[in-house]
Amino acid sequence: MGEMEQLRKEAESLKDEITAARKAVQDLTLQDHVAGTAVVGRVQLKTRKTLRGHLAKIYAMHWGTDSKLCVSASQDGKLIVWDSYSTNKVHAIPLKSSWVMTCSYAPSGNMVACGGLDNMCSIYNLKGKDGNVKVMRELAAHTGYLSCCRFLSDTEIITSSGDCTCLLWDIETGTEKTVFAGHLGDCMSLAVSPDFNTFISGACDFTAKLWDIREGQCRQTFGGHESDINAIGFFPNGNAVITGSDDASCKLYDLRSDQELITYQDSSIMCGVTSIAPSLSGRLILAGYDDFNCNIWDSLKAERVGVLSGHDNRVSCIGVTPDGMACCTGSWDSFLKIWN
Amino acid sequence: MDVYCSNNVLQARRTVEQLRLETELQRIKISAAAEQIVQYCQEHRRADPLLTGIAASSNPFKDKKTCVLL
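Residues numbered from 1 in each chain as written. Chains lettered and ligands numbered in written order. Predicted model: local features only at pLDDT ≥ 70, side-chain atom pairs only at ≥ 80, totals over all residues. Heavy atoms only, no water.

Peer 1: Explain the nonpolar core to me, and be specific about the residues and the numbers.
Peer 2: Ranked by size, the top nonpolar core spans 27 residues in total, and within it Leu30, Leu252 and Tyr289 of chain A carry the most contacts. Among the secondary structure elements, those contributing two or more residues to this core are strand S19 (240-245), strand S20 (250-254), strand S21 (259-264), strand S22 (273-278) and strand S23 (284-289) of chain A together with helix H2 (30-43) of chain B. Considering every element that reaches this core, the biggest residue donor is H2 of chain B, with six residues. With near-sequence residues (within four places) excluded, tyrosine 289 of chain A lies in contact with Ala248, Cys250, Ile269, Cys271, Gly272, Val273, Thr274, Asn295, Trp297, Arg314 and Val315 of chain A. (Core = buried A, V, L, I, M, F, W, Y, C linked by side-chain atoms within 4.5 Å. Buried < 20%, exposed > 50% of the residue type's maximum accessible area, 1.4 Å probe, protein only. Helix = DSSP H or I, 4+ residues; strand = E, 2+ residues; numbered from the N terminus. Contact = heavy atoms within 4.5 Å.)

In C-alpha cells form, the structure reads like this:
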C-alpha cells in the first residue's frame, strides 16, 4: 500500500500549502477594514402579501427575472407560478412525484423546473401552443435526490444531488454534458455566478466548491463550517459567496483571496440555516432558519439588524427579487410571504 | 490488488490532483478584497430598496388606496 501512504502524505502537504498561501494574504481582516463604518439602522420589513394555496410544506421558491412572477414547490405535489403583485395563481402544475425539493424559473420566463426524491429534474414548458403546461423533459441520471436546480438558459440547466455530484444538462437532448464531481457528501444547494461562467455548490461535507462551468473543474474549495451547508448564494458583484449551514452560522467567502472573511452568528441562534439571499447591494444578508424566523444581517459588520417573523413553521426558502424590491419567504406552514 | 483497493488509489490520486490545482491559485490580499466588497455595497446603497425603504406610491406590493373626488 506504498502508493496510498505516499498520496496521503502528499495531500496533507498540499493542504498545508493552501493554508499557508491563504495566511500569506491576510494583511487585514474585513472587520479591521470596516471598523469605521456604522452598522446599518434597524431594518423593519412588513409582510405585504401572503401567497395562499399550497396544502403542504413548501420546500423551494424562485423568482422570475421580471421580479413579479415566482414559482414555488410544495410536497402537496404542485408547482405554483404566482403573480406576486396580485397574489393570483398563474399556473398550478400537478407533479408526477410529490416529493419535490427544488424548483427554478428560467431567465426567459418560458420554463420552470423541479425535482426531488424521484432523482430527476423535470422541465415544464409554460408557453406551450395550446396554453397547457406540460412536461417538456425529464432529466434522469442522478443516483440520488435532486436538491437544487438552476437554468443557465432555455437550453441548459445545472442540478445538484444527494449523489454528491452536480450535472450540466442539455435540455433539448435531455442528456448530461458535464459531471462536477468532488464533493464527499450530498450536494444541497447551488448558485450560478452573475456572469454565468461559474457556479458554487454547498454540501454535506461542510464545504462549498466553485466550479468552472465550461472546463468542468472545481477551482476552489472553502471549508470552515462545522456542519452541512444547506444554502448558498453569490454576493451581487460575483466575487464572494455566502453560505448557510446546520451549524447555525452563515459565512462570507471571498473568491479572490480564497478564504472566509466573516461569520454571521449569534449565541442565541442555535438552529440550522435553511436558506440565504443577499439584498441588491449586498449590504444585507437575509437568512431563513429552522426556528421559523428569518434574520437580516449587516453583511459588513456581521450584526443582526432585523428579523422577519410571521411563519408558523420552518422557513425553508428565501429569495430577493432581481430588482431588489422585495424578499419572499416560503415555509413548512404552506405559505409564502412577500416582505419589503 | 482487489477492485476496492484500486478505487481508493484512484480516489486518492484525484484528490491530490485537485489539491495541486487549488494550490496554484493566485490569491489577492484581503485588504484589496475587502475594499472591493465595501465599495460595491457603498456604490449600490442608494439603489437597494430593502436598505433605503420604499415609498408607498412606488411599492408594487402595497395596495394602492385610490382617492375619489366627490
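Peer 1: Go over the interface of chain B and chain A with me, naming the residues and quoting the values.
Peer 2: Listed by partner, the interface residues are 41 residues for chain B and 66 residues for chain A. Of the roughly 4,600 Å² buried between chain B and chain A on both sides combined, carbon and sulfur atoms contribute 69%. On the chain B side of the interface with chain A, the three residues burying the most area are Ile30, Leu50 and Phe61 of chain B, jointly 20% of the side's total. Scanning the region where chain B abuts chain A turns up three salt bridges. Between arginine 20 of chain B and glutamate 10 of chain A there is a salt bridge, with its nearest N and O atoms 2.6 Å apart. Where chain B packs against chain A, one counts 14 residue pairs in polar contact (both at pLDDT 80 or more). Mapped by element, the contributors of at least two residues to the side of chain B that touches chain A are helix H1 (3-23), H2 and helix H3 (49-52) of chain B. At twelve residues, H1 of chain B tops the list of elements feeding residues into the side of chain B that touches chain A. (Buried area = accessible area lost by both parts, 1.4 Å probe. Salt bridge = Lys/Arg side-chain N within 4 Å of Asp/Glu carboxyl O. Polar contact = N/O pair within 3.5 Å; in protein donor to acceptor, adjacent residues only side chain to side chain.)

Peer 1: Tell me what's going on with the pairing of strand S4 (residues 78-83) of chain A, and back it up with residues and numbers.
Peer 2: Residues and elements named next belong to chain A. When you tally the buried positions in S4, you get five out of six residues, the bulk of the element. Summarising the sheet, strand S3 (residues 69-74) and S4 pair through six bridges and their orientation is antiparallel. Bridge pairing in S4 places alanine 73 opposite leucine 79. Here S3 hands over to S4 after three residues, with glycine 77 in that stretch at a positive phi of 85 degrees. Note: S4 against strand S5 (residues 88-94), six bridges, orientation antiparallel. The residue of S5 that forms the bridge with valine 81 is histidine 91. Where S4 folds back onto S5 in an antiparallel hairpin, the turn is made up of four residues, including threonine 87, whose phi is positive at roughly 70 degrees. (Pairing = 2+ DSSP bridges.)

Everything listed is a geometric property; what it means functionally is a separate question.
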